[in-house]
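# Residue-level structure breakdown
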Amino acid sequence: MRRLSFKRYRHKAEVIRQAVWLYFRFSLSLRDVEEILAERGVDVSYEAIRMWVRKFGPQIARNLKRLRPAPSSRWHLDEMVSRIGGRHMYLWRAVDDEGEVLATTVAKRRDAATATSFIQKLLRDQPVSPTAIVTDGLRSYVSAVDALGLADLHHPGQLRENNRVENSHLPIRQRERRMQGFKSQPSAQRFLTTHAAVYNTFYTQRHLASRPTMKLLRAAAHQVWRVAVA
């Protein structure tokens, strides 16, 4: 796992880590993070925070991904429309049946070629093979799974079964509004990839856990974060 280097930065490594964590962990703007740090006696501009997020976010995301246990083998796929840089684009997302985000891809189209490429990326990047692929009724998924020889695993048009990934869109919609939309396809892809890694690390189904269990899960998540940003 690659260690982060904070050399030649005016602010301490602890400040940079905290700024990046605040930005990706909560629905905060860069100016919100600037205000929080200012209240704690740290004078830093939101543009400096933007540079920290841009540089260290992807590195931290890669480290967090290496530290994650294998996901469930039941995958839920969906896509949502997003306006990026004045154009309608599609955010393709896959989660497992526990809500962990497996992949997010920003694409210009919602066709069979894009669906095939997205599923191929999933198969390549995940340490487990799927036992079920749940989607909505989009015909592009049918063509993609047929082309990849996965038709026997496909469960199309299962709206209730696919609530897991539908609910997973909500945090992204909140961030879109807070950021007043994504400005470009590369910046959207970079943000979503890092956000997914941080979300997976700290996500818990709180309604299923007791308070003592929640404390243990939260402490474990922060320990993983400390290892990833060392």
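Up top is the structure.
In this report, we go over the structure that sits alongside the text. (Residues numbered from 1 in each chain as written. Predicted model: local features only at pLDDT ≥ 70, side-chain atom pairs only at ≥ 80, totals over all residues. Heavy atoms only, no water.)

## Brief notes about helix 9 (residues 211–228)
- Taking 1.5 Å of rise per residue, the 18 residues of helix 9 would be expected to cover 26 Å, and the 26 Å separating its terminal C-alpha atoms lies within 8% of that figure.
- For helix 9, the set of buried residues is Met214, Ala221, Trp225 and Ala228. Along the axis of helix 9, the buried positions cluster into a sector of 60°, meaning they face one direction only. Seen from the buried face of helix 9, the exposed residues on the opposite side, beyond 90 degrees, are Pro212, Lys215 and Leu216.
- Turning to helix 9, the residues buried within the fold contact helix 1 (13–25), helix 3 (46–67) and helix 8 (185–202). (Helix = DSSP H or I, 4+ residues; strand = E, 2+ residues; numbered from the N terminus. Expected span 1.5 Å × (residues − 1). Buried < 20%, exposed > 50% of the residue type's maximum accessible area, 1.4 Å probe, protein only. Arc of directions from axis to C-beta. Contact = heavy atoms within 4.5 Å.)

## Describing the packing of helix 8 against helix 9
- For the pair helix 8 and helix 9, the least separation of the axes is 8 Å and the interaxial angle reads 140°. Here helix 9 runs oblique to helix 8, going by the angle between their axes. Between helix 8, through Val198, Thr201 and Phe202, and helix 9, the contact on the second element is made entirely by Ala221, His222, Val224 and Trp225.
- By residue class, the composition of the contact of helix 8 with helix 9 is five nonpolar, two polar and no charged. (Axes fitted to C-alpha atoms, helices over the stretch in contact; angles between N-to-C directions. Parallel < 35°, antiparallel > 145°, perpendicular 65-115°, else oblique. Nonpolar A, V, L, I, M, F, W, Y, C, P; charged D, E, K, R; others polar.)

## Notes on the nonpolar core
- Among the nonpolar cores identified, the biggest contains 42 residues, and Ile49, Trp52 and Trp225 are the most heavily contacted of them.
- Taken together, the elements giving at least two residues each to this core come down to helix 1, helix 2 (30–39), helix 3, strand 1 (74–84), strand 2 (87–96), helix 8 and helix 9.
- No other element matches helix 1, which puts nine residues into this core.
- Ranked by size, the runner-up nonpolar core spans 19 residues in total, among them Ala94, Ala103, Ala107 and Ala115. (Core = buried A, V, L, I, M, F, W, Y, C linked by side-chain atoms within 4.5 Å.)

## Quick look at the environment of Ala107
- Within the secondary structure, Ala107 is located in strand 3 (residues 101–107).
- The class for Ala107 is buried, based on a relative accessible area of 8%.
- Dropping the residues within four chain positions of it, Ala107 is found in contact with Met89, Tyr90, Trp92, Thr114 and Gln185.

## What about the packing of aromatic side chains?
- Tallying each qualifying case throughout the model produces 12 aromatic pairs.
- Ring centres 6.0 Å apart and planes at 50° place the aromatic pair Trp92 and Phe118 in the tilted group. Residue Trp92 is found in strand 2, and its partner Phe118 is found in helix 4 (residues 112–125); the two are separated by 26 residues along the sequence.
- Classification of Trp92 by relative accessible area gives buried; the value is 0%.
- These aromatic residues form a ring-pair network of at least three members: Trp21, Phe26, Phe202 and Trp225.
- Its guanidinium or amino end placed over the ring of Tyr46, Arg31 lies 3.9 Å from that ring's centre, counting from NZ or CZ.
- Between Arg175 and the ring centre of Tyr23, over which it is positioned, the NZ or CZ distance is 4.9 Å. (Phe/Tyr/Trp six-rings, centres within 6.5 Å; stacked < 30°, edge-to-face > 60°. Lys NZ or Arg CZ within 6 Å of the ring centre and 35° of its normal.)

Fair warning: the whole summary comes from geometry, so function is off the table for now.
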